[in-house]
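# Residue-level structural notes
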Amino acid sequence: MTDAPLRGPAVHTAGAQELAPGLLVVPDRGIPLVPNIGIIGGTQAVLVVDTGMGTANAEQVLALADEVAQGRRLYLTSTHFHPEHAFGAHVFAGQATYLVNRAQARDLEVKGQDYLEMFRGLGSPVADRLDGDVRVPTPDVVYDDVHALDLGGRTVLLRPTGRGHTKGDQVIEVPDAGALFTGDLAETAHFAIFPWFPPHDTDVSGVRWLAVLEQLASAGHSTVIPGHGDVGSPQVLADIRDYLRELRDETWRRKDSAMDESEITAEVRALLIERHPRWAGREWIEKGVSCLCAELAT
């Protein structure tokens, strides 16, 4: 393979790892705007979790899924609507049944086009992935509550979590393998990504996100596949839960003392970097502080 197709946020399916029989993960390899992608097989069908960003990435994922499936039925789901997770779903049209929870379907409908244009403005490596062929996907199946997907000898649970990182977050559970795909509700060694862009997008909720992580961290999964970063143990969930609690408490303590938000941000940022010096994504601390300041005021 030449270097040209692998520039920018490129999925590398050659690095797929088998975590358990019939459970593959295509790791993000630490590349920004590339998610961890799942391929989950049963005797009758195969489920793909997230697509990567754009046509070329999704074509690689579909090719690997076809190779794994060997004629079995294909399904696709996405952990949430953001472009690196869902904006390759058009490639699967006619090849796989695309299932999402209702809140995510609404996110795609209401905010998908705006996010597509926003991401196209992030520079040529991203814009090239989101060329003119890419469009906001339309799900084939929409559900409200937990959706139990029978793949044949293996049932996968598509579980909406409610508002957190987005309004339409869902996790994907593989109970027989003890595995959990979290999407961007959790990342390994990474400050929580707060898509807080007022007035255009204020759907992220630090308070609700913390509640979701408290539930997930106590659910007993043995393997956690985060939205980005290394596959790990339940400690991945505990780390983000504890960080969100720190972020809330340190922000609200200062907000209650009538500090200016810029002062709050500076102090909280310095404190949390000191506590987590090796974590990536420091730019998201400020967004988290702003979100939580707004939530305290409501």
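These numbers were taken from a predicted model, which means no experiment stands behind them. (Residues numbered from 1 in each chain as written. Predicted model: local features only at pLDDT ≥ 70, side-chain atom pairs only at ≥ 80, totals over all residues. Heavy atoms only, no water.)

Glancing now at the pairing of strand 9 (residues 155-160). Two elements, strand 8 (residues 147-150) and strand 9, share 4 bridges in a ladder whose sense is antiparallel. Directly across from A148, in strand 9, lies its bridge partner L157. Sheet analysis places strand 9 next to strand 10 (residues 170-174), joined by 4 bridges and oriented antiparallel. Each bridged residue has a counterpart across the sheet, and for P160 the counterpart in strand 10 is Q170. (Pairing = 2+ DSSP bridges. Helix = DSSP H or I, 4+ residues; strand = E, 2+ residues; numbered from the N terminus.)

For the rest of this paragraph, the subject is the nonpolar core. Ranked by size, the top nonpolar core spans 36 residues in total, and within it V48, F87, F92 and L130 carry the most contacts. Listing elements by their share of this core, those giving two or more residues are strand 2 (23-26), strand 3 (37-41), strand 4 (45-49), helix 1 (54-69), strand 5 (73-77), strand 6 (97-101) and helix 3 (102-120). Top contributing element to this core by residue count: helix 1, with 6 residues. Counting residues in each nonpolar core, the second largest holds 32 residues, with A186, L210, I240 and W279 among its members. (Core = buried A, V, L, I, M, F, W, Y, C linked by side-chain atoms within 4.5 Å. Buried < 20%, exposed > 50% of the residue type's maximum accessible area, 1.4 Å probe, protein only.)

With that out of the way, let us pick up the state of the cysteines. As used in these notes, a disulfide is a covalent bond between sulfur atoms, one from each of two cysteines. All told, the structure shown has 0 disulfides when counted by the stated rule. Among the cysteines around C293, which has no disulfide bond, C291 carries the closest sulfur, lying 9.3 Å off. Residue class for C293 comes out buried when judged on its relative accessible area of 2%. (Disulfide = S-S within 2.5 Å.)

It is worth spelling out the side chain of E246 at this point. Structurally, E246 can be placed in helix 6 (residues 235-256). In terms of polar contacts, E246 uses its side chain to reach the side chain of R275, at 3.3 Å. In contact with E246, other than residues within four places in its own chain, are L272, R275 and H276. (Polar contact = N/O pair within 3.5 Å; in protein donor to acceptor, adjacent residues only side chain to side chain. Contact = heavy atoms within 4.5 Å.)

Applying the stated criterion to the full structure yields 17 salt bridges. The shortest N-O distance in the salt bridge between R120 and E117 comes to 3.0 Å. A residue pair is termed a helical-turn pair when its members lie 3 or 4 positions apart in one helix, as R120 and E117 do in helix 3 at 3 residues. E117 gets classed as partly exposed once you look at its relative accessible area, which sits at 41%. D203 is the partner of K167 in a salt bridge, and the nearest nitrogen-oxygen pair spans 3.8 Å. Taken as a pair, K167 in the loop between strand 9 and strand 10 and D203 in the loop between strand 11 (179-187) and helix 5 (206-217) lie far apart in primary sequence, 36 residues in all. (Salt bridge = Lys/Arg side-chain N within 4 Å of Asp/Glu carboxyl O.)

When two helices pack together, their arrangement is given by the angle between the helix axes and the distance between those axes. Relative orientation of the contacting elements helix 7 (residues 261-275) and helix 8 (residues 283-297) amounts to 130 degrees, with a least axis distance of 9 Å. In terms of axis orientation, helix 7 runs oblique to helix 8. In terms of crossing hand, the pair formed by helix 7 and helix 8 is right-handed. Facing helix 7, whose interface residues are E261, I264, T265, V268, R269, L272 and I273, helix 8 presents E283, I285, E286, V289, S290 and C293. Among the residues making up the contact of helix 7 with helix 8, the classes are represented as 7 nonpolar, 2 polar and 4 charged. (Axes fitted to C-alpha atoms, helices over the stretch in contact; angles between N-to-C directions. Parallel < 35°, antiparallel > 145°, perpendicular 65-115°, else oblique. Left-handed = near helix turned anticlockwise from the far one by under 90°. Nonpolar A, V, L, I, M, F, W, Y, C, P; charged D, E, K, R; others polar.)

A few words now on the environment of N57. With respect to the helices, strands and loops of the structure, N57 is situated in helix 1. When the C-alpha positions of N57 and H190 are compared, they lie 23 Å apart, and in sequence the two are 133 residues distant. Ignoring any residue separated from it by four or fewer positions in sequence, one finds N57 in contact with P9, A10, V11, T51, G52 and R129.

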